[in-house]
Amino acid sequence: MKAFTSHTGVVAPLDRANVDTDMIIPKQFLKSIKRTGFGKNLFDELRYLDEGKPDQDCTGRPLNKEFVLNQPRYAGVSVLLARKNFGCGSSREHAPWALDDYGFRCVIAPSFADIFFNNCFKNGLLPVVLDEQTVDQLFSACEAQEGYKLTIDLERQVVVTPEGAKFAFEVDPFRKECLLKGLDEIGLTLQESATIQTFEVSHERKFPWLFAELRD
Amino acid sequence: MVGRTLYDKLWDDHLVKSRDDGSALLYIDRQLLHEVTSPQAFEGLRLAGRKPWRINANLATPDHNVPTTVSERKEGIEGIVDPVSRIQVQTLDDNCDEFGIVQYAMKDIRQGIVHVVGPEQGATLPGMTVVCGDSHTATHGAFGALAHGIGTSEVEHVLATQCLVAKKMKNMRVRVEGELGRGVTAKDIVLAVIGKIGTAGGTGCAIEFTGSAIESLSMEGRMTICNMAIEAGARVGLVAVDRNTIDYVKGRPCAPTGSDWEAAVDYWLTLHTDVDAVFDYEVELAAEDIKPQVTWGTSPEMVAAVDRCVPDPEQEDDETKAEGIRRALTYMGLEAGQALTSIQLDRVFIGSCTNSRIEDLREAAAVVKGRKVAETIKQAMVVPGSGLVKKQAEEEGLDQIFIEAGLEWREPGCSMCLAMNADRLGEGEHCASTSNRNFEGRQGFGGRTHLVSPAMAAAAAVTGRFIDVRDLMEESA
């Protein structure tokens, strides 16, 4: 996995609560059997005026000029500023894959849906929770100033504004460690194979029916 | 010792290791796989040269992409018209063959929506930990199983290690006491709960549904409720084990037998919350207050009783909410203050992992029996949750009731719940749907979804608009 230590990037404000995973990446693009290539269809229904199709060349599609990512001032963004309950809905990991593929490294919001939040960490994408008031301030600052950038320092767990204001955020120590070092979580768990095997033996003794062959 | 909740007990029985940093390794008894969220996980295993930890813990079936018309189904995978869908279903088939995973493939009568198939086969059992790369995995909590919807990286992690890296959630209890009125169903309960606590109300929690109204529900009803826990933000929904649970599981193909059965039942009957256990959050609803529900907006929390009106954003104090309502009304093509019963419908969908089990189909059939689909309805379809649900419905003659009334009787799959196959809404069309999400574009580009119970969807099919199903029941009584 791609490591995340500190990142400075231009911020795009997506001023909308309860952005769901169907909105982040609509279902027709879930038919891909790959992990990459979803960026051009990120927020497809908000971004384009027509209906998107899988494997389509998106360069000639009509754009929704109102949508934040289509405004020239937000070209090259890598930090998404969002509202509460971001990423609600399905478990599709295609949502963080699409954000990552588009170029986002970090999403800042007052709250996230559980599964989406979890999925971000597996893909080197950092979800940052800041309180609603701070997020409001950042929205105002970002809209007021073209090219507004934020620095997200995972090591120190702070978001730093261009003026030098610092906002601290929480992150689980395990997830932080994995992100900072870009660790392979499966490899880490497999280091505990002996513990898992011991547990499994005792689990089977207690609940033998859980280990019966499935009917093929 | 302080009493434990059902969630606490399930957690404790599967805890491999608590780490100092607050994370834990949780042992997974069953992983269910489908074609959409598994290909990248298998690819990951291959790239790393890893093997599944315990093949036998995994069960697969294709559901999201499969066509539901008889003509497109009869040739199996080769017959799937959409080449991208075909590749995905074929990939699941190839991966199951390569790794030796049991699959109920497209032509198998046991094929169906993964959350219908697991319980139906007894592959979901009380006291299990169940995962699946699908947020509606919460469904299996109806059996007193700890079931999590997970992402694809986690699917790969569970395949490789038989464990999930997890953090303990908070305990929430939703208690629904009293007796449900006639025509009011499990779906109405869960929509009312979501309306009350909101789509983020259960974030970070495992919700246990309790109370006499839940206890009196069938297993199908309990599955409907747990299924939509995720729509209240909770990854996990739970109902305690009781005799209903055990009667449902008994005799299922993968259920234990003989002395194993006896031992299992003894254990399963301990799977309930202790009387002195403490929940972090408590929510209460009176069953008598719940009326048939209809969603009017683009989030499951945008819901009201069928006799109410579409809300007015100008009456909403919270500006973010008001903006959400305005946006939803524009998308849905509705006016503030409009009666829900005045919404004209174009299509009706009865199916999905929320409501495609035999009881759901019986409930819908009872309403349409002897009636006809309204002329203004372009299409009304019934999509059973599995091949076996379909077979049973046909044995009971439900298919004939639907067909005579003018509904289409389809092959099993996820179908129009998320429109990954050919079943979808046209732009601007309103649909009465028994599925679980009314997000923008969910059932088709520009489609307008209204979530309802099977009985309410059936009533909408025959009247062409929303109507309190109880009015129809009185007519036929």
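Conventions and cut-offs
Residues numbered from 1 in each chain as written. Chains lettered and ligands numbered in written order. Predicted model: local features only at pLDDT ≥ 70, side-chain atom pairs only at ≥ 80, totals over all residues. Heavy atoms only, no water. Phe/Tyr/Trp six-rings, centres within 6.5 Å; stacked < 30°, edge-to-face > 60°. Helix = DSSP H or I, 4+ residues; strand = E, 2+ residues; numbered from the N terminus. Buried < 20%, exposed > 50% of the residue type's maximum accessible area, 1.4 Å probe, protein only. Pairing = 2+ DSSP bridges. Axes fitted to C-alpha atoms, helices over the stretch in contact; angles between N-to-C directions. Domains from an automatic or database assignment. Parallel < 35°, antiparallel > 145°, perpendicular 65-115°, else oblique. Left-handed = near helix turned anticlockwise from the far one by under 90°. Contact = heavy atoms within 4.5 Å. UniProt positions renumbered as here; feature names shortened; annotations may be inferred. Polar contact = N/O pair within 3.5 Å; in protein donor to acceptor, adjacent residues only side chain to side chain. Buried area = accessible area lost by both parts, 1.4 Å probe. Salt bridge = Lys/Arg side-chain N within 4 Å of Asp/Glu carboxyl O.

1. Regarding the packing of aromatic side chains
Part 1 of the argument: For the structure on display, the rule yields 19 aromatic pairs over all chains.
Part 2 of the argument: Taken together, a centroid distance of 5.4 Å and an interplanar angle of 40° make the contact between Phe199(A) and Tyr27(B) tilted. With one member in each of two chains, Phe199(A) in helix α8 (residues 193-206) and Tyr27(B) in strand β2 (residues 24-27) form a pair that bridges those chains.
Part 3 of the argument: Residue classification places Phe199(A) among the buried residues on the basis of a relative accessible area of 13%.
Part 4 of the argument: Note on Tyr27(B): relative accessible area 0%, which makes it buried.
Part 5 of the argument: Pairing Trp261(B) with Trp268(B) gives two aromatic rings, centres 5.5 Å apart and planes at 85°, and the pair type is edge-to-face. The two residues Trp261(B) and Trp268(B) agree in class, both being buried.
Part 6 of the argument: Through pairs of rings, three or more aromatic residues link up here, namely Phe86(A), Phe112(A), Phe116(A), Phe117(A) and Phe121(A).

2. Here we look at the sheet that holds strand β1 (residues 6-14) of chain A
All names here are of chain A.
Part 1 of the argument: The seven strands are arranged β4-β3-β2-β1-β5-β6-β7 in an open sheet whose pairing can be described as mixed. Of all strands in the sheet, those with a lone pairing partner are β4 (126-129) and β7 (166-168), marking the two edges. Along the sheet, successive strands turn relative to each other by an average axial angle of 30°, direction set aside.
Part 2 of the argument: Pairing geometry for strand β2 (residues 79-82) and strand β3 (residues 106-109), over three bridges, is parallel. Within the sheet, the bridge partner assigned to Val 79 lies in β3 and is Cys 106.

3. A look at the domain arrangement of chain A
Part 1 of the argument: Partitioning chain A into structural domains gives domain 1 (6-183) and domain 2 (184-216).
Part 2 of the argument: On a C-alpha basis, the centroid separation for the pair domain 1 of chain A and domain 2 of chain A is 36 Å.

4. Here we look at the packing of helix α7 (residues 186-197) of chain B against helix α9 (residues 219-227) of chain B
Residue and element names in this part refer to chain B.
Part 1 of the argument: Packing of α7 against α9 leaves a shortest axis separation of 8 Å and a crossing angle of 20°. By the angle between their directions, the pair α7 and α9 is classed as roughly parallel. Crossing angle aside, the handedness with which α7 passes α9 is right-handed. Where α7 abuts α9, its residues Ala 186, Lys 187, Ile 189 and Val 190 lie against Gly 221, Thr 224 and Ile 225.

5. Some thoughts on the UniProt feature "domain: Aconitase A/isopropylmalate dehydratase small subunit swivel" (unreviewed entry) in chain A
Part 1 of the argument: Here, the residues flagged by UniProt with the feature "domain: Aconitase A/isopropylmalate dehydratase small subunit swivel" (unreviewed entry) are residues 1-132 of chain A.
Part 2 of the argument: The distance separating the terminal C-alpha atoms of residues 1-132 of chain A is 30 Å; by composition the span is 20% helix and 16% strand.

6. Details of the side chain of His450(B)
Residues and elements named next belong to chain B.
Part 1 of the argument: Tracing the backbone through its elements, the reader meets His 450 in strand β19 (residues 448-451).
Part 2 of the argument: Among the polar contacts made by the side chain of His 450, one reaches the main-chain carbonyl oxygen of Thr 295 at a distance of 2.8 Å.
Part 3 of the argument: Here His 450 is in contact with Val 294, Thr 295, Trp 296, Met 332, Leu 334, Ile 343, Leu 345, His 430, Cys 431, Ala 432, Ser 433 and Phe 466, once residues within four sequence places are set aside.

7. Considering the interface of chain A and chain B
Part 1 of the argument: At the interface, 62 residues of chain A touch 83 residues of chain B.
Part 2 of the argument: Counting the surface lost from both chain A and chain B, the interface buries some 6300 Å², and carbon and sulfur atoms represent 57% of this.
Part 3 of the argument: For the pair chain A and chain B, the number of links is nine salt bridges.
Part 4 of the argument: Among the salt bridges present, the one from Arg35(A) reaches Glu156(B), with a minimum N-O distance of 3.1 Å.
Part 5 of the argument: For the pair chain A and chain B, the interface holds 33 residue pairs in polar contact (both at pLDDT 80 or more).
Part 6 of the argument: Looking at the side of chain A that touches chain B, the elements with two or more residues in it are α3 (94-102), α4 (114-121), α6 (173-181), α7 (185-190) and α8 of chain A.
Part 7 of the argument: The greatest single-element share of the side of chain A that touches chain B, amounting to eight residues, is contributed by α8(A).

8. A word on the UniProt feature "binding site: [4Fe-4S] cluster" (unreviewed entry) in chain B
Residues and elements named next belong to chain B.
Part 1 of the argument: UniProt records the feature "binding site: [4Fe-4S] cluster" (unreviewed entry) for Cys 353, Cys 414 and Cys 417 in the present numbering. Separation in sequence by 65 residues is not matched in space for these annotated residues, since their most distant C-alpha atoms are only 8.6 Å apart.
Part 2 of the argument: Its place among the elements puts Cys 353 in the loop between β15 (347-350) and α13 (358-368).
Part 3 of the argument: Residue class for Cys 353 comes out buried when judged on its relative accessible area of 8%.
Part 4 of the argument: In this structure Cys 353 touches Ile 113, His 115, His 136, Asn 227 and Asn 436, once residues within four positions along its chain are discounted.

9. A closer look at the pairing of β15(B)
Residues and elements named next belong to chain B.
Part 1 of the argument: Of the two faces of β15, the one lined by Arg 347 and Phe 349 and the one lined by Val 348 and Ile 350 are each fully buried.
Part 2 of the argument: In this structure, β15 lies alongside strand β16 (residues 379-382), joined through four bridges in parallel fashion. Note on β16: the bridge partner recorded for Phe 349 is Met 381.
Part 3 of the argument: Relative to strand β18 (residues 430-433), β15 is paired through three bridges, and the arrangement is parallel. Considered in β18, the bridge of Val 348 is made with Ala 432.

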